[in-house]
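Listed here are the chains, written in short residue letters.
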Amino acid sequence: MTKTTDNHFLAQSVHDLGTALWFGGSVMGIAGVNKSGSDLTAGIDKVRVASSAWSRFQPAQFGGILATLVTGLQLTRSNKERLALQKGYASVGTLKAALTVAGAGATAYAAYSGAQIGKLAEQAARDGSLEVKDATLPSAGTPAEIKKWQARQRVTQGAVPALAGAVIVCNAWLVQSYRLGSTVKGLLGRLLPS
């Protein structure tokens, strides 16, 4: 049995659940929320449905990101010796941190893009009618400014699950490095560089 100071079960669990929420929610949003409005006839309703759903999910999504960031820092702090001694651990940990920050930025920019689409869509609907295929896909009659923000949102929304998924992959590598064989190999790699 491990000592209390060696057991990071709770932090690791919160980290993994936060990242899973962030990843899964972003995939569901792209595959389901954005497309759900395509079943409606009015362009403004297509945007409103997606905007409403994303707004309701946003606190949970940013909660997942915050959990990933905070517990990631805690796990890093508790592994200072491994960072210093085990070859590869620090570089993968640094990559994971950079991917987490980039993913948080992409998530925030996707939310900002969605807000811009919503604002411009409401204006277009007041001025006449709005044509869109769905919340992120324009049609031939979509105003140019809305098309621009839809393109930005599609790119950033696609980047979010890619970045969150990469965080999960890096985390899997870091967790596997705790195995005795990986630890020994990492220590020998540091002591006997090739």
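Scoring rules and cut-offs
- Per chain, residues are indexed from 1 in the order of the written sequence.
- Selection of residues for local features in this predicted model requires a pLDDT of at least 70, selection of side-chain atom pairs for listing and counting requires 80 or more, and totals for whole chains, interfaces and linings are taken over all residues.
- The side-chain figures draw on all heavy atoms in the structure; neither hydrogens nor water molecules are used.
- Helix numbers and strand numbers start at the N terminus; a helix is a DSSP run of H or I with at least 4 residues, a strand a run of E with at least 2.
- Exposure is judged per residue with a 1.4 Å probe applied to protein chains only, and the accessible area is read against the type maximum: over 50% gives exposed, under 20% gives buried, and values in between give partly exposed.
- Contacts are residue-level and defined by heavy atoms, with any inter-residue pair within 4.5 Å sufficient.
- Accessibility throughout is a Shrake-Rupley quantity obtained with a 1.4 Å probe, and a residue counts as covered only by protein chains that appear here.
- Here the axes come from fitting lines to C-alpha atoms, over the contacting stretch only for helices, and the angles between their N-to-C directions go from 0 to 180 degrees.
- Should an angle fall under 35 degrees it is taken as roughly parallel, and over 145 as roughly antiparallel, whereas 65 to 115 is taken as roughly perpendicular and any remaining angle as oblique.
- Handedness of each helix crossing follows the sense of rotation of the near helix against the far helix: counterclockwise by less than a right angle gives left-handed, clockwise gives right-handed.
- Gly counts as polar in this scheme, as do all residues outside two lists: the nonpolar Ala, Val, Leu, Ile, Met, Phe, Trp, Tyr, Cys and Pro, and the charged Asp, Glu, Lys and Arg.
- For this analysis, a nonpolar core means a set of buried residues of the types Ala, Val, Leu, Ile, Met, Phe, Trp, Tyr and Cys, connected via side-chain atoms within 4.5 Å.
- Lining residues are defined by having an atom within 4 Å of a point belonging to a cavity or pocket. Those points lie on a 1 Å grid over the protein atoms alone, cavities being sets where a 1.4 Å probe fits but cannot get out and pockets being open sets with protein on both sides within 12 Å along at least five of seven lines.
- Grid points are joined across faces, edges and corners, and a volume is the space filled by probe spheres set on the points.
- Note on definitions: salt bridges are taken to be side-chain nitrogens of Lys or Arg within 4 Å of carboxyl oxygens of Asp or Glu.

Novice: Quick question: what am I supposed to make of the overall build of the protein chain here?
Specialist: Within the protein chain, the regular secondary structure consists of six helices and zero strands. In the protein chain, the succession of helices and strands from N to C terminus is α-α-α-α-α-α. The burial tally for the protein chain puts 38% of its 194 residues in the buried class. In the protein chain, the share of contacts with a sequence separation of at least 24, taken over all contacts with a separation of at least 6, comes to 78%. Total accessible area on the protein chain stands at roughly 10,700 Å², and carbon and sulfur atoms take up 66% of it.

Novice: What exactly am I supposed to notice about the packing of helix H1 (residues 9–36) against helix H2 (residues 43–77) here?
Specialist: For any two helices packed against each other, one specifies the crossing angle of their axes together with the interaxial distance. Where H1 contacts H2, the axes come no closer than 8 Å and their chain directions differ by 155 degrees. The angle between H1 and H2 falls in the class roughly antiparallel. Seen from above, H1 lies across H2 with left-handed handedness. Each residue belonging to the contact of H1 with H2 can be placed in one class, and the counts come to 15 nonpolar, 15 polar and no charged.

Novice: Help me understand the nonpolar core, please; the structure alone is not making it clear to me.
Specialist: The tendency in soluble globular proteins is for nonpolar side chains to be buried as a group. Trp22 and Leu99 are the most contacted members of the largest nonpolar core, which totals 13 residues. No other element matches the six residues that helix H5 (residues 144–176) contributes to this core. Leave out the neighbours within four places in its chain, and tryptophan 22 touches Gln61, Ile65, Thr68, Thr100, Gly103, Ala104, Thr107, Val160 and Ala164. Ranked by size, the runner-up nonpolar core spans nine residues in total, among them Leu130, Val132, Ile146 and Trp149.

Novice: Looking at this model, I keep getting lost on the side chain of threonine 19. Mind explaining?
Specialist: Structurally, the position occupied by threonine 19 is in helix H1. Its relative accessible area of 2% is what places threonine 19 among the buried residues. Excluding anything up to four places from it in sequence, threonine 19 contacts Gly64, Thr68, Ala164, Val167 and Ile168.

Novice: Explanation requested: the layout of surface pockets in the structure shown.
Specialist: It is a probe the size of a water molecule, rolled over the atoms, that shows where empty space is left. Empty space within the second largest pocket amounts to approximately 320 Å³. In terms of lining, the second largest pocket is formed by 21 residues, of which the most central are Trp54, Ala110, Ala111, Gly114 and Gln153. When residues in the lining of the second largest pocket are grouped by element, the largest group, seven residues, is from H2. Within the lining of the second largest pocket, the residues separate by chemical class into ten nonpolar, eleven polar and no charged.

Novice: Looking at this model, I keep getting lost on the pattern of salt bridges. Mind explaining?
Specialist: Between side chains of opposite charge, a pair can form as their charged atoms come close. Taken as a whole and assessed by the stated rule, the structure comprises four salt bridges. Between glutamate 122 and arginine 48 there is a salt bridge, with the nearest N and O atoms lying 2.8 Å from each other. With glutamate 122 in helix H4 (residues 89–127) and arginine 48 in helix H2, this residue pair connects regions lying 74 residues apart in the sequence. Between lysine 148 and glutamate 145 there is a salt bridge; the shortest N-O distance is 3.1 Å. Here lysine 148 and its partner glutamate 145 are both found in helix H5, three residues apart, which amounts to about one turn of the helix. Look at lysine 148 and you get partly exposed, because its relative accessible area is 34%.

Novice: For this particular structure, what's the right way to read the environment of alanine 108?
Specialist: Locating alanine 108 in the fold gives a position in helix H4. Overall, the relative accessible area of 38% leaves alanine 108 in the partly exposed class. Each C-alpha atom, one on alanine 108 and one on phenylalanine 62, is 8.7 Å from the other, the two residues being 46 residues apart in sequence.

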